[in-house]
Every structure is written in structure tokens, then in C-alpha cells.
Amino acid sequence: SQTIHQWPATLVQPVGSPLSLECTVEGTSNPNLYWYRQAAGRGLQLLFYSVGIGQISSEVPQNLSASRPQDRQFILSSKKLLLSDSGFYLCAWSVPGTVTRQYFGPGTRLTVT
Amino acid sequence: AQSVTQLDSQVPVFEEAPVELRCNYSSSVSVYLFWYVQYPNQGLQLLLKYLSGSTLVKGINGFEAEFNKSQTSFHLRKPSVHISDTAEYFCAVSDRGSGGSYIPTFGRGTSLIVHP
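Source: prediction; values computed, not measured.

A. Inspection of the pairing of strand β9 (residues 73-78) of chain B at higher detail. Residue and element names in this part refer to chain B. With 5 of its 6 residues buried, β9 lies for the most part within the structure. Pairing of strand β3 (residues 19-21) with β9, which is carried by 3 bridges, proceeds in the antiparallel orientation. Its bridge partner lying in β9, L21 is registered against L76. In terms of strand pairing, strand β8 (residues 64-68) meets β9 through 5 bridges, oriented antiparallel. What sits directly across from E66, in β9, is H75.

See below:
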């Protein structure tokens with residue numbers, strides 16, 4: 001069966017520090033991968049999605065970036081965090097090329113102080 | 001372009017009462033609709049989905065939703081709620097985007113609060 005992992009679960013970082021959040025998927029190959037941010041009362045904001053290794057689409061211009069160095073690994077990064085980067089970050093995957101559900105990871109709670 | 005409107009940000013209800021969470025969407029093409037539930041500090045779980053066929057869709061935990069094309073709605077219902085149904089509920093719509101991708105758009109969410 002497929003599983004999706006995210007780490008860390010929680011993170012407290014000072015303004016201006018770098019960020020690296022990791023997401024890995026097991027039990028499937030060539031998944032579509034997604035990063036979402038969830039701020040209080042604002043629903044889910046799609047940040048990045050990827051349909052293959054090295055293929056990243058950015059939905060929102062900001063100081064975050066994403067990379068997909070391996071088929072089932074998706075990394076969210078920042079060189080310098082802002083206070084506004086605080087939120088709950090969710091990684092998700094779906095089967096490519098079909099209308100289907102998304103499978104979400106457990107999330108990372110990021111607090112920028 | 002597709003969009004989703006969840007009309008209620010918060011719905012309080014007493015235990016064992018019925019509930020309806022409203023969702024309206026807009027899209028220029030055929031749509032595929034989803035409801036997800038999110039418990040505190042967790043990821044989203046799929047409740048149900050409409051891809052085609054019967055407009056009444058049954059999901060997990062006793063929830064159901066009805067696709068109404070003329071009203072562009074996909075409201076979620078449960079005849080009798082439990083305390084454990086307290087959670088955030090998200091409606092999502094997906095259509096075929098560029099390159100054959102299906103990137104869903106999510107509503108802002110509705111917080112269901114079940115009181116004893």
C-alpha cells in the first residue's frame with residue numbers, strides 16, 4: 001500500500017533562517033506531487049506541483065522554492081524565512097493522468113518567530 | 001478557470017442533529033468534485049467524490065453529497081452528527097487543465113462544531 005511521509009512534524013524557526021521540509025511517498029511510482037500551505041482561516045493554498053523529476057510548477061510567487069531530486073521525494077525550501085511563512089504545510093500525491101483523489105501527508109506545523 | 005465557494009466558514013450543530021455543509025463551484029468544463037475532512041493538526045482525508053454517474057454520492061462516516069449541475073452545487077449532508085465529526089471540511093473541484101493535469105481547487109473550508 002502507498003504511504004506518504006512528511007518531516008519534521010513541527011518546526012520553530014527565526015525570521016531570516018533557511019527552511020527545508022521533506023516529503024516522501026512509498027508504494028507508487030511517478031506520482032504527481034503537491035505542496036500546499038494552510039494559514040489560519042484561509043483554506044489550502046497550492047504552492048507547487050510536480051509531474052516528474054525536475055519538473056516543478058509554481059503557483060504563487062514568493063520566497064519559497066521546491067525541488068524533486070528523486071521520483072518520490074519532494075522538498076520545500078527557503079533561503080530566508082519571513083513571518084508570513086508561518087502555517088501548516090501539507091504534501092500530497094495523486095496518480096498521474098487521471099481524475100482522482102489526492103492523498104495527503106500528516107503535515108508540518110511551521111512557526112516563524 | 002475553476003473556483004469553489006464554501007458559503008459557511010463555521011457551522012455549529014448539536015449532536016444527533018442533521019447537518020448540511022454548502023459548496024458551490026464554477027467551471028467552464030466538466031467537473032469532478034470532492035469533499036475532504038481534516039481533523040486538528042492532521043492531513044486531509046477523502047470523504048467522498050463525484051466523477052460521473054449517480055448524482056447522489058455516499059461516502060465514509062455516514063456522509064453523502066448530491067451533485068446538482070443546474071445549481072452548480074455539491075452540498076455535503078449527514079442525517080445525524082456525532083461529537084467525533086467536529087473537524088474542518090473542504091470542498092474541491094478538479095477539471096482537466098493544461099498538459100492533461102488535474103489540479104484541484106479547494107474551498108476555504110467549513111468548520112463543523114458539534115456540541116453535546
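B. Representation of the state of the cysteines within the structure. Residues and elements named next belong to chain A. Taken as a whole and assessed by the stated rule, the structure comprises 2 disulfides over all chains. Each sulfur in the disulfide pair C23 and C91 lies 2.0 Å from the other. In this structure, the disulfide formed by C23 and C91 twists by about -75° around the S-S bond and is classed as left-handed. Taken as a pair, C23 in strand β3 (residues 19-26) and C91 in strand β9 (residues 87-94) lie far apart in primary sequence, 68 residues in all.

C. The arrangement of the interface of chain B and chain A in detail. At the junction of the two partners, chain B supplies 19 residues and chain A supplies 21 residues. With both chains or domains summed, chain B and chain A bury close to 1,700 Å², and 60% of this area falls on carbon and sulfur atoms. Our count for the chain B to chain A interface comes out at 0 salt bridges. Our enumeration of links across chain B and chain A arrives at 3 residue pairs in polar contact (both at pLDDT 80 or more). Counting only elements with at least two residues in the side of chain B that touches chain A, the list comes to β5 (32-38) and β6 (44-50) of chain B.

D. Summary view of the sheet that holds β3 of chain A. All names here are of chain A. In space, the 4 strands of this open sheet follow the order β1-β3-β8-β7, with antiparallel pairing throughout. Unpaired on one side and paired on the other, β1 (3-7) and β7 (64-70) mark the two borders of the sheet. With direction set aside, neighbouring strand axes in the sheet form an average angle of 20°. Bridge count for β7 against strand β8 (residues 73-78) is 5 bridges, and the pairing is antiparallel.

E. How the structure looks around the pairing of strand β5 (residues 44-52) of chain A. Residues and elements named next belong to chain A. Burial runs high along β5: 7 of the 9 residues are buried. Note that strand β4 (residues 32-38) and β5 share 6 bridges and pair antiparallel. Each residue of the ladder has a partner; that of W35, found in β5, is F48. The hairpin turn running from β5 into strand β6 (residues 55-58), its antiparallel successor, is 2 residues long, and G54 in that turn takes a positive phi close to 75°.

F. Highlighting unusual backbone geometry. Going from W7 of chain A to P8 of chain A, the amide bond is cis rather than trans, its omega being 0°. In this model, E16 of chain B sits at a positive phi of 75°, which is unusual for a non-glycine residue. Secondary-structure assignment places E16 of chain B in the loop between β2 (10-14) and β3. When its relative accessible area of 62% is taken as the criterion, E16 of chain B is described as exposed. Residue N41 of chain B is not a glycine yet carries a positive backbone phi of 60°.

G. Quick look at the packing of aromatic side chains. Summed over all chains, the structure comprises 12 aromatic pairs over all chains. For the ring pair F104 of chain A and F106 of chain B, a centre distance of 6.1 Å and an interplane angle of 80° mean the geometry is edge-to-face. Pair noted here: F104 of chain A is in strand β10 (residues 103-104) and F106 of chain B is in strand β11 (residues 105-106), and the two residues belong to different chains. As far as the burial class goes, F104 of chain A and F106 of chain B line up, both buried. Here F63 of chain B and Y89 of chain B contribute two aromatic rings whose centre-to-centre distance is 5.5 Å and whose plane-to-plane angle is 45°, an arrangement assigned as tilted. Taken as a pair, F63 of chain B in the loop between β7 (56-58) and β8 and Y89 of chain B in strand β10 (residues 87-94) lie far apart in primary sequence, 26 residues in all. On the accessibility criterion, F63 of chain B (2% relative accessible area) is buried. By way of ring pairs, the aromatic residues Y34, Y36 and F104 of chain A together with F34, Y36 and F106 of chain B are connected into one cluster. Above the face of the Y103 of chain A ring, R101 of chain A is positioned so that its terminal group lies 4.0 Å from the ring centre.

Conventions adopted
- Residues numbered from 1 in each chain as written.
- Chains lettered and ligands numbered in written order.
- Predicted model: local features only at pLDDT ≥ 70, side-chain atom pairs only at ≥ 80, totals over all residues.
- Heavy atoms only, no water.
- Buried < 20%, exposed > 50% of the residue type's maximum accessible area, 1.4 Å probe, protein only.
- Helix = DSSP H or I, 4+ residues; strand = E, 2+ residues; numbered from the N terminus.
- Pairing = 2+ DSSP bridges.
- Disulfide = S-S within 2.5 Å.
- Contact = heavy atoms within 4.5 Å.
- Buried area = accessible area lost by both parts, 1.4 Å probe.
- Salt bridge = Lys/Arg side-chain N within 4 Å of Asp/Glu carboxyl O.
- Polar contact = N/O pair within 3.5 Å; in protein donor to acceptor, adjacent residues only side chain to side chain.
- Axes fitted to C-alpha atoms, helices over the stretch in contact; angles between N-to-C directions.
- Phe/Tyr/Trp six-rings, centres within 6.5 Å; stacked < 30°, edge-to-face > 60°.
- Lys NZ or Arg CZ within 6 Å of the ring centre and 35° of its normal.

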